[in-house]
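What the coordinates show
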Amino acid sequence: MDKVTAKKHLGQHFLKDENIAAKIADTLTLNGYQKVLEIGPGMGVLTKYLLEKPLDTYVIEIDAESVAYLEQHYPKLHGKILSKDFLKYNLNEVFKEEPLAIIGNFPYNISSQIVFKTLELRAQIPEFSGMFQKEVAERICEKKGSKTYGILSVLTQAFYDAEYLFTVGEHVFNPPPKVKSGVLRLIRKENYHLPCEEKLFFTVVKTAFQQRRKTLRNSLKSLNLSDNLREDTIFDLRPEQLSVEQFIELTQKIQADGV
């Protein structure tokens with residue numbers, strides 16, 4: 001098999017620039033883990049550079065044609081190709097709760113879901129690097145005060161330090177996407193446990209941004225907060241005006257209020 005046909009329904013855009021692939025592989029710091037899992041390797045242009053690193057490299061791929069290509073062209077991956085859907089797969093069938101890094105040229109149609117699953121598995125994932133649609137990568141790394149700062153920004157940055165690394169043009173893919181791409185790196189915070197109830201934190205952030213133009217006093221009405229709490233000046237703000245730390249502080253206040 002000489003190549004894999006890109007499938008639109010899987011959001012496949014195969015990276016063809018070797019320099020970009022090497023650069024993405026080099027975003028890994030190699031700190032705190034021995035294993036790396038690449039999501040959606042396609043024809044292995046990034047995989048090739050991961051295999052050169054002092055890491056135990058695994059790949060997870062939903063496309064049967066890509067799996068067959070990888071088995072044929074990358075003998076080093078023997079026994080390490082997971083023909084699964086990352087979003088539905090229990091990683092501990094293979095990794096047994098060992099730490100691992102996540103990397104990939106992620107399909108744009110599921111890239112945010114990949115980040116949310118990583119947040120669920122954060123105790124196991126000290127590092128995450130990869131390529132997204134540029135505006136999604138920017139949103140993940142954005143700070144308060146911006147129109148693009150939102151749910152993904154706050155929830156990711158609560159647990160990881162997020163850094164936008166570089167932009168990639170459309171022409172380095174086959175077929176080329178209609179948008180530019182951005183590569184980012186997430187490094188888990190030393191203390192990735194929040195000083196508040198985490199489930200409530202997620203609820204507060206998501207509820208606030210669902211009506212982002214309103215003040216928190218109005219957007220959080222559905223949480224049935226006490227009148228006394230709603231007089232706090234933090235409720236005069238709109239969600240994009242709150243830093244991650246302020247969202248944690250807000251959650252602590254709501255928790256103390258008995259929600």
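This text goes with the structure placed above it.
Below is a summary of the structure that appears in this document. (Residues numbered from 1 in each chain as written. Predicted model: local features only at pLDDT ≥ 70, side-chain atom pairs only at ≥ 80, totals over all residues. Heavy atoms only, no water.)

1. Focus: the sheet that holds strand β3 (residues 56-60)
Basically, it comes down to this: Here a strand pair is declared whenever DSSP counts at least two bridges between the two strands. Runs of H or I in DSSP of at least four residues are treated as helices and runs of E of at least two as strands, each being numbered from the N terminus.
Pairing is mixed across the open sheet formed by seven strands, whose spatial order is β4-β3-β2-β5-β6-β9-β7. Both outer strands of the open sheet, β4 (81-82) and β7 (160-168), are each paired with one neighbouring strand and no more.

2. Some details on the pattern of salt bridges
For clarity, the cut-off: Should a side-chain nitrogen of Lys or Arg be within 4 Å of a carboxyl oxygen of Asp or Glu, the pair is scored as a salt bridge. Relative accessibility under 20% of the residue-type maximum defines a buried residue, over 50% an exposed one, and the middle range a partly exposed one, all with a 1.4 Å probe and only protein chains included.
Scanning the entire structure with this criterion turns up 14 salt bridges. A salt bridge links Arg-185 to Glu-163, with the nearest nitrogen and oxygen atoms 3.1 Å apart. Taken as a pair, Arg-185 in strand β9 (residues 181-188) and Glu-163 in strand β7 lie far apart in primary sequence, 22 residues in all. A relative accessible area of 17% places Arg-185 in the buried class. Measuring nitrogen to oxygen at the nearest pair gives 3.9 Å for the salt bridge that ties Arg-230 to Asp-227. Taken together, the residues Arg-230 and Asp-227, both in helix α10 (residues 227-230) and three residues apart, mark about one turn of the helix. By sharing partners, the salt bridges in this structure join Asp-232, Glu-249 and Lys-253 into a single network.

3. Digging into the pairing of strand β2 (residues 35-39)
A large share of β2 lies buried, amounting to five of its five residues. Because side chains alternate across β2, one face comprises the buried residues Lys-35, Leu-37 and Ile-39, and the other comprises Val-36 and Glu-38, equally buried. Bridge analysis of β2 against strand β5 (residues 100-105) gives five bridges, and the strand direction is parallel. Looking across to β5, one finds that Val-36 is bridged to Ala-101.

4. Describing the environment of Glu-142
The following threshold applies: Only heavy atoms enter the contact rule, under which two residues are in contact if any of them lie within 4.5 Å. What qualifies as a polar contact is a pair of N or O atoms within 3.5 Å, subject to a donor-acceptor requirement within protein and to the restriction that residues adjacent in sequence count only when both atoms come from side chains.
Positionally, Glu-142 belongs in the loop between α6 (134-141) and α7 (151-159). Glu-142 sits in the partly exposed class, given a relative accessible area of 25%. Along the sequence, Glu-142 and Tyr-33 sit 109 residues apart, while their C-alpha atoms lie 27 Å from each other. What Glu-142 contacts, discounting residues up to four positions off in sequence, is Thr-148, Tyr-149, Ser-153 and Gln-157. Polar side-chain contacts of Glu-142 include one of 3.4 Å to the side chain of Ser-146.

5. Structural notes on the packing of aromatic side chains
How we decide: Aromatic rings from Phe, Tyr and Trp, with only the six-membered ring used for Trp, were paired whenever their centres fell within 6.5 Å, and each pair was classed as stacked if the ring planes differed by under 30 degrees, edge-to-face if by over 60, and tilted otherwise. Whether a charge lies above a ring is judged from NZ of Lys or CZ of Arg, which has to be within 6 Å of the ring centre and within 35 degrees of the ring normal.
Under the definition given, this model contains eight aromatic pairs. With a centroid separation of 6.0 Å and 75 degrees between ring planes, the pair formed by Tyr-149 and Phe-209 is classed as edge-to-face. Taken together, the residues Tyr-149 in the loop between α6 and α7 and Phe-209 in helix α8 (residues 198-210) connect sequence positions 60 residues apart. Among the residues examined, Phe-209 registers a relative accessible area of 7% and is labelled buried. Counting every residue linked through ring pairs, the aromatic cluster contains Phe-106, Phe-128 and Phe-132. Taking NZ or CZ as reference, Lys-23 lies 4.1 Å from the ring centre of Phe-166, over its face.

6. A closer look at the pairing of β9
Among the eight residues that make up β9, six are buried, leaving the element largely enclosed by the rest of the structure. Inspection of the sheet shows strand β6 (residues 127-133) paired to β9 by seven bridges, in the antiparallel sense. Counterpart to Glu-127 in the pairing with β9 is Ile-187.

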